[in-house]
Structure formats: C-alpha cells, structure tokens
Amino acid sequence: MLHLQEGEQIDIKARKHWFLLFTDSVGILFLYLAPFIVWKLAVGQLGVNLPHTGTSLTFFLSSTWTLLMWAKLFSVWTDYYLDIWIVTSNRVVNIDQKGLFNREVSTLRIERIQDVTFEVNGIVATVLEFGDVHVQTAGESEEFLIKGVANPERVKRKILGHIDTKTKENRLSM
Amino acid sequence: MTQANELGSEFFLFPILSSFGTDGLWYVFLGVVLVFLFYSIFLIYHWFRYGMNILTSILATIIYSVVSGVILVTMIISFASLLS
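A few points on the structure. Remember, predicted model here, so these are calculated numbers, not experimental data.

1. Section: the overall build of chain B
Line of reasoning, step 1. Across its full length, chain B holds two helices and zero strands.
Line of reasoning, step 2. Counting over 84 residues, chain B shows a buried share of 38%.
Line of reasoning, step 3. Within chain B, contacts between residues at least 6 apart in sequence are counted, and of these 40% link residues at least 24 apart.

2. Section: the interface of chain B and chain A
Line of reasoning, step 1. Taken together, the contacts link 33 residues of chain B with 34 residues of chain A.
Line of reasoning, step 2. Across the chain B to chain A interface the summed buried area is about 3,100 Å²; carbon plus sulfur atoms make up 79%.
Line of reasoning, step 3. Joining chain B to chain A, the criterion identifies zero salt bridges.
Line of reasoning, step 4. Linking chain B with chain A are eight residue pairs in polar contact (both at pLDDT 80 or more), by the criterion used here.
Line of reasoning, step 5. At the level of elements, helix 1 (15–50) and helix 2 (54–83) of chain B are the ones that each hand at least two residues to the side of chain B that touches chain A.
Line of reasoning, step 6. Here the side of chain B that touches chain A gets 15 residues from one element, more than from any other, and that element is helix 2 of chain B.
Line of reasoning, step 7. Each residue belonging to the side of chain B that touches chain A can be placed in one class, and the counts come to 22 nonpolar, nine polar and two charged.

3. Quick look at the sheet that holds strand 7 (residues 143–150) of chain A
Residues and elements named next belong to chain A.
Line of reasoning, step 1. As summarised here, the arrangement of the three strands in space is 5-6-7, forming an open sheet in which the pairing is antiparallel. Taken across any chain shown, the strands that pair with only one partner, and hence form the sheet edges, are strand 5 (113–119) and strand 7. If you compare each strand with its neighbour and ignore which way they point, the axes differ by 20 degrees on average.
Line of reasoning, step 2. In terms of strand pairing, strand 5 meets strand 6 (residues 130–137) through six bridges, oriented antiparallel. Across the sheet, the residue bridging to Asp115 is Gln136, located in strand 6.
Line of reasoning, step 3. Against the sheet, helix 4 (residues 152–173) touches strand 5, strand 6 and strand 7, its axis set at about 170 degrees to strand 5.

Conventions used here
- Residues numbered from 1 in each chain as written.
- Chains lettered and ligands numbered in written order.
- Predicted model: local features only at pLDDT ≥ 70, side-chain atom pairs only at ≥ 80, totals over all residues.
- Heavy atoms only, no water.
- Helix = DSSP H or I, 4+ residues; strand = E, 2+ residues; numbered from the N terminus.
- Buried < 20%, exposed > 50% of the residue type's maximum accessible area, 1.4 Å probe, protein only.
- Contact = heavy atoms within 4.5 Å.
- Buried area = accessible area lost by both parts, 1.4 Å probe.
- Salt bridge = Lys/Arg side-chain N within 4 Å of Asp/Glu carboxyl O.
- Polar contact = N/O pair within 3.5 Å; in protein donor to acceptor, adjacent residues only side chain to side chain.
- Nonpolar A, V, L, I, M, F, W, Y, C, P; charged D, E, K, R; others polar.
- Pairing = 2+ DSSP bridges.
- Axes fitted to C-alpha atoms, helices over the stretch in contact; angles between N-to-C directions.

Here it is, written out as structure tokens:
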C-alpha cells in the first residue's frame, strides 16, 4: 500500500499491458504441454515402452506436473499484478515485484523530472498501444524506466501535466 | 522398504521411479505437496499484503484454491491407486 502525503492525490495506476501477461502465460502453457507431446510422440511414433495415458501412474505424474505449472502460472500473474507504477501529484512510484522474495519500490519526485519520453516498438505494441516510458531526472544520468505500460502517451501526458503544475506553484511561491 | 516389484508393472518402465520404492515415493509425494503449500501461502500473502485491489486478491485466491484443490485431489487419488 502507498502512503500518501498531505494534499497528494493519485492520478494514475499503470500496469504492464495485458498482452505481456498473455505472452508469458502462453509460454507457461507450452511448457506445460511439452512433456505430454513428448510422451505421445515417444509412445505413438517412436514405439518407446512407456505406460499409455489413463493409467494411475500417468494420472499421478500429470496431476503433479499440472499442480506445479498451475502455481507457476499464478506466480507470473503475481508479478503482473504487483508490478505497478503510480503517478501522484507529487511523485512517480515504481513498484517492481521480482519473483516472490524480491520487491523494489523506487520513488521519483516530480520536481526532479527533467524530461519524459515514450517509445512504442513493433506492430503488436502499436496496435494494442503499449510501450516504454523513460523518465529522465535533472542533473544526473539517472533514468526511470516504465516498461511495457498500457497507453504510454497518456502516462507521459499525465507526468508532464504534474511537472507543469509544480513549476507554476514554485514560480508563484517565489 | 517395499521394493518396486510390489508397486505394479508400470514402475518397471521408469527405472528412476522403481528405484525409489514405496517409502521414496511417499517422500516425493509429500515433498511436492509441502513445497506447493508453502509456495501457495507465500503467493496468497503477497496478494493481500501488496495488492492494490482487495476484490482482485479475493477472486484470485478463490480461483487458485478451488483449481488447486481439484488437482490435489486427483493427485492424491491417483497416488493411492498407484500404491494399492
């Protein structure tokens, strides 16, 4: 959970595009199916002496494999669900879940942002509107990368909007 | 330890499995179930501790638990039938 400062408001919560979750899930599906295909080929085409499907051994092995792959699928989903970028009126927060035991939360204050760019690479990304947003900080070569986010143009616009507001506030307070 | 020839003819086709015997298979089975249970507890903990939407976390927990339960039951039944 994000603890907001006084007067701070959440503008957008952005996640990776669903297509990236879909491609990762398809990868898990292929990994899941691979032993079954190899088994079928070994028994049917190559004539290897293995039990046919339907025996208690094959049920046991396949249900064990299914259970492990089911957990793996949800671990991929957990990465997707817990990876999030939050743009508030004061800062940009990047929450990066790396596996189950590694979590990184980085924060960038709006005042420190110098430039925001976005890039959309490829046909699928163009059609489905997702890409990377690069947030450049002032003074240093440090960069904040928001990868595979849905509608990167909107994210960029929102961040720039907050930079403009902050700049105006600072000028008025001088 | 019960030897592989008491486990049925299917095991002769898997040299690795047949070398385990009944006790070894029990350890494999319990190992898989325990790893899965601990992993699941960590997953669900993360959904509720760090998730931004409680409803999504609840829905994910229900789907995950129900399907896992069905797979676990299938696994237990086939394991019992394997040993019988």
